[in-house]
Amino acid sequence: MGFFNFDTLKSIAEIVNIVVSSLSTTDIVRQSYIGENGVFKIRKKSSIIMDMSTTDAETAIDLAIPADELGLLFDDCPTSGEPAGADNGTLTIMVGDNIQKCEKIRSILEVLGEEIFT
């Protein structure tokens, strides 16, 4: 996994209430959240976690189940329109969750994207 530093991820996750990630591979996504030093192990209940990586549905489900059990608000939010869309806040974001949970994170998503689908 090259330059990715899970110790740094752990240090950051210990002090924030909202985590937004956009990672390059499914393996890094899984390790970042449910690995040995994963975010799920160190976050407190009600933390908001949005994964904007492009992964498969199985990975999203595999992360959503333990997040829910831990009392975390986890949303799978893949994007389209990168990298220019990310630079300009014009991404298209597909939220893989119900509308009630999406409303909790909509204000964050609106900074990053123009079109948000739930």
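Check the entry above for the structure.
Keep in mind that what you see is a predicted model, and the values were worked out from it rather than measured.

Cut-off values and rules
- Residues numbered from 1 in each chain as written.
- Predicted model: local features only at pLDDT ≥ 70, side-chain atom pairs only at ≥ 80, totals over all residues.
- Heavy atoms only, no water.
- Axes fitted to C-alpha atoms, helices over the stretch in contact; angles between N-to-C directions.
- Helix = DSSP H or I, 4+ residues; strand = E, 2+ residues; numbered from the N terminus.
- Parallel < 35°, antiparallel > 145°, perpendicular 65-115°, else oblique.
- Contact = heavy atoms within 4.5 Å.
- Nonpolar A, V, L, I, M, F, W, Y, C, P; charged D, E, K, R; others polar.
- Pairing = 2+ DSSP bridges.
- Buried < 20%, exposed > 50% of the residue type's maximum accessible area, 1.4 Å probe, protein only.

Contact geometry for helix 2 (residues 26–34) and helix 4 (residues 57–69): axes closest at 11 Å, N-to-C directions at 0°. The orientation of helix 2 with respect to helix 4, classified from their angle, is roughly parallel. When helix 2 is examined against helix 4, the residues Thr26, Val29, Arg30, Tyr33 and Ile34 are found in contact with a partner set consisting of Glu58, Thr59, Asp62, Leu63 and Pro66. Residues of the contact of helix 2 with helix 4, tallied by class, amount to 5 nonpolar, 2 polar and 3 charged.

It is worth spelling out the sheet that holds strand 6 (residues 113–117) at this point. The strand order across the open sheet built from 3 strands is 4-5-6, with neighbouring strands paired in mixed fashion. The open sheet terminates on both sides in strands that have one partner only, identified here as strand 4 (79–80) and strand 6. Two strands pair when backbone bridges link them, and strand 5 (residues 91–94) and strand 6 are joined in this way by 4 bridges, in the parallel orientation. Paired with threonine 92 across the bridge in strand 6 is glutamate 115.

With that settled, the discussion passes to the side chain of threonine 59. Along the chain, threonine 59 falls in helix 4. Take threonine 59: its relative accessible area is 1%, and that puts it in the buried class. Ignoring sequence-local partners within four residues, the contact set of threonine 59 consists of Thr26, Val29 and Arg30.

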